Amino acid sequence: MRFKLHNNSYQYAYLTLALICVFWCISIFDIILSQTSGVIISNIGLSILYKCINDFWAGLIIGLLLFPFYLLLDVFFKSRALLVINILFVLIVIAQFSLVKYSLTTLVNLGSDILGYSLNDIYRTIMASESFSALYFLPFIVFPLLFFVSYSIIKKNVNGRMLIGVWVVFVLLLGSLKLIVSRVSEIEQQNKLAYLAEDIIKFQSEKNNLYGDNLFNREDFPLMKPFSDSHDVLAPFFNINEEKPNVVIVIVEGLGSEFIGDEAYSGFTPYLDSLISKSLYWKNFVSSAGRTFGVLPSLLASLPFGETGFLELSKTPSYVSLISVLKANGYTTSYYSGDQSSFDKKINFLEYNDIDDVIDENKYGSEYTKTEANSGGFSWGYPDAEIFKKTLSTLDNKKEPRLDIIMTLTNHEPFTFPEKEQYEAKVDSLLNSNQKFDISKEDILANKSIYASLNYTDNSIKDFMNAYAKRKEYNNTIFIITGDHRLIPIAQKDKLCRYHVPLYIFSPMLKKPETFKSVSSHWDITPSLLAFLMNNYKFNKLEEIAWMGEGLDTVRQFRNIHKIPLMRYKGSISDFMFKDYLYSDGELYKINENFGTYKVKEDELKEIMADSLLKFKRLNAYVTQRNKIYPDSLNIYIKPKVEFSETQQETINKLIEGLNFDQSFQIAREEAFKKDYKIARLLCDYILNELPNHSDARTLKGRTLAWEGDYINAETELLNVIKRSPYYYDSYLALLDLYWWSNQEEKSEQAFKKGLANGIQDPVLGFKMAKAYERMKKVVKANQIMDSIIKIYPDKKEYVTFKNTLN
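Here's what I pulled together on the structure shown here. All values derive from a computational prediction rather than experimental measurement. (Residues numbered from 1 in each chain as written. Predicted model: local features only at pLDDT ≥ 70, side-chain atom pairs only at ≥ 80, totals over all residues. Heavy atoms only, no water.)

Quick word on a nonpolar patch on the surface
Part 1 of the reasoning: Residues Leu72, Val75, Phe76 and Phe77 make up a contiguous nonpolar surface patch of about 430 Å² in total accessible area.
Part 2 of the reasoning: We classify Val75 as partly exposed; its relative accessible area is 40%. (Patch = residues over 30% accessible without salt bridge, like charges linked within 9 Å, V, L, I, M, F, W, Y side chains within 5 Å. Areas by Shrake-Rupley, 256 points an atom, 1.4 Å probe, with all protein chains shown as cover. Salt bridge = Lys/Arg side-chain N within 4 Å of Asp/Glu carboxyl O. Buried < 20%, exposed > 50% of the residue type's maximum accessible area, 1.4 Å probe, protein only.)

Overview of the pattern of salt bridges
Part 1 of the reasoning: Evaluation of the coordinates by the stated rule reveals 50 salt bridges.
Part 2 of the reasoning: A salt bridge links Lys283 to Glu263; the shortest N-O distance between them is 3.0 Å. On the criterion of sequence distance, the pair formed by Lys283 in strand E3 (residues 280–286) and Glu263 in the loop between strand E2 (246–252) and helix H8 (270–276) is long-range, its members being 20 residues apart.
Part 3 of the reasoning: When its relative accessible area of 17% is taken as the criterion, Glu263 is described as buried.
Part 4 of the reasoning: A salt bridge links Lys753 to Glu749, with the nearest nitrogen and oxygen atoms 3.7 Å apart. Here Lys753 pairs with Glu749, and both are found in helix H24 (residues 745–757), just four residues apart, close to one helical turn.
Part 5 of the reasoning: Overall, Glu749 belongs to the buried group, its relative accessible area being 12%.
Part 6 of the reasoning: Here the salt bridges share partners, and the residues they tie into one network are Glu312, Asp344, Lys345, Lys570 and Glu690. (Helix = DSSP H or I, 4+ residues; strand = E, 2+ residues; numbered from the N terminus.)

Remarks on the side chain of Arg291
Part 1 of the reasoning: Considering the arrangement of structural elements, one finds Arg291 in the loop between E3 and helix H9 (295–301).
Part 2 of the reasoning: Setting aside its immediate chain neighbours within four residues, Arg291 contacts Tyr102, Thr106, Tyr117, His485, Ile488, Arg498 and Arg568. (Contact = heavy atoms within 4.5 Å.)

Looking at the packing of aromatic side chains
Part 1 of the reasoning: For the structure shown, the criterion picks out 46 aromatic pairs.
Part 2 of the reasoning: When the centroid spacing of 5.3 Å and the interplanar angle of 80° are considered together, the rings of Phe56 and Trp57 count as edge-to-face.
Part 3 of the reasoning: Accessibility expressed as a relative area gives 0% for Phe56, which makes it buried.
Part 4 of the reasoning: The interplanar angle of 55° and the centroid separation of 5.6 Å between the aromatic rings of Phe56 and Phe170 together place this pair among those described as tilted. Of the two residues, Phe56 is situated in helix H2 (residues 44–77) and Phe170 in helix H6 (residues 160–180); the sequence distance between them amounts to 114 residues.
Part 5 of the reasoning: Classification of Phe170 as partly exposed rests on a relative accessible area of 24%.
Part 6 of the reasoning: Taken together, the ring pairs in this structure connect Tyr12, Phe67, Tyr70, Phe89, Phe147 and Phe148 into an aromatic cluster.
Part 7 of the reasoning: The ring of Phe539 has Lys244 sitting right over it, with the charged end atom 5.0 Å from the ring centre.
Part 8 of the reasoning: Between Lys390 and the ring centre of Tyr364, over which it is positioned, the NZ or CZ distance is 5.8 Å. (Phe/Tyr/Trp six-rings, centres within 6.5 Å; stacked < 30°, edge-to-face > 60°. Lys NZ or Arg CZ within 6 Å of the ring centre and 35° of its normal.)

Below, the structure is given as structure tokens:
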């Protein structure tokens, strides 16, 4: 028995060494593809060495961690032990390569941010970022095969003593290098699986420390301060009109400052370039987060991050926002996008602030062209030109003053948009012109679709602005344009440029344009805009405010008066700006006037910044977990979620624990069919708290209310569904049923016509309307509908029988 265990242990060691060899091959693949995609690697040989060192230790640790499991298998399952380990190691190889693919696409390692996304969000992101083909899946086959080939070669050519010698040499040599060479520990050199595991462990450890009870022995509201402390820095730049101005905020997907003006990757946004000289323009402006999830709470409410992004908080703390304050002061508030507003839970933020109108992917009719799906069948929704077209089409019906928030979409993987070939030809034309670029033509051609996408978005903004300029309210409108973050697929020069975005404030009301080199962030927009509006127009004054930002800095020379924590991705607050320094991942960088960075060694300052970042993290944890941003008693603006009692929460957990929202809806549906309407509605409310646009859940809730005779609330719910998703057929059917049961047939006609106008072609809708007409004694109209239905469905007995009763 001892000899067999010893011999099998050698087999395990061979497998572990083969796993490390495949890790090395994947890292070489990673470096080659990184360089071909434009990532600058100063020394390829050293980069390979550093990665190989980290791969070795990652493989060794995986081997050691799984070895006790292998021994147990060997004792109880004998011959199957090696088979199970082979399968596990192949899965590890696939996981490592998948993480490399993610890194090649996003230019960052996947870490604890994976904990902040739902499975549906992850699926949508992957489908958007990747183009699937047989070639795409080839490496997922090649590298596992390479694992078996490596194992076979090692086993054939390395005997027991040699194997021990190899392990000893590798441990001593690569262990020494890991300890001596500091660059080995840099993030970009890390083994992807090891980084993922370490970052999750670090996140959970930090979470336990920050969110422990010892941090919450207080009851104050540390962000609260008098509104009178806010400085109106914008008024000197504006001619003030008597009427409140309209505000249009355009948040441009992926618009980094490096693509604007005279920056490194510029030349493809001529309209936005021209707007600089007509606007208040902040050259050194930063987003608060490195992904889109952070832009709405930061820009529109100057909010802290929470644990994995403010919108991911399970219980929303009380706060006020630009939306809620402007709405309370007579503004019509609207949000426009081309994707699903449920992605990144944007709809939750908008619903909380009781926004008047949300236009997302669900509200585009047949006259709008959706972005063509990629090879994986995925489309984000409607492209930028269509979003602006939809926005303009709704403005005439909305009372002024207005707050219109527009989020673009196109400048994102997979960079698919209308007339793409024409825009790519335009890129070729620019390359062949006399225009000078700071980057090589080869780099531009390697990312042609991205630069073409930038040009398309720029042109879409130009067309929107030109169309808006013809409107009567144009002269009393303030336009704010910024990026959500810098687009990801093009290589980043440093750790700061991910956040570096432009900020424009443009208006015909401006006295003169100005360019500012001082640093500000998304956090500063709402404080400054509200200070301007409240100090210069008839507004109900806020007595107290709770902002993370202090307001825009309008000093023209380069400086930074703000302390700015930055959330790189969900769960990672590792970057911090203070004065002209950036603290990132434990390293200190100096920021120059051109917003470039270089590493410096100032240990005392580094310690101060590390302490300041930790202090912010504690504040962030306290105010978001304890509802200490803005007192509930002062907040007259909020539209709260449904709160569940302890008993209700226990019922919810019992019925749907571990299920996703669609599976939870099926349970709710089953409960409704069993006539347990209260439980069905409870589950619907649970779903709607997280996904307010879940049409099936809201329709079911409306139906159960109607089945119990509560027609008023049932009608409210069903009309709400139609408002949110006007092209969803079942809500119209449910509404006509309600009007039939409640003897309100006269209302059926309006719902029926609205359904037809929105392209609802279901014959059941017409059949229900015909029955309503028959009850209303409008037999001619009933006959007209039934004739059109039977023409298409002549064999449907129910339709024919009813038609005969009309004659």
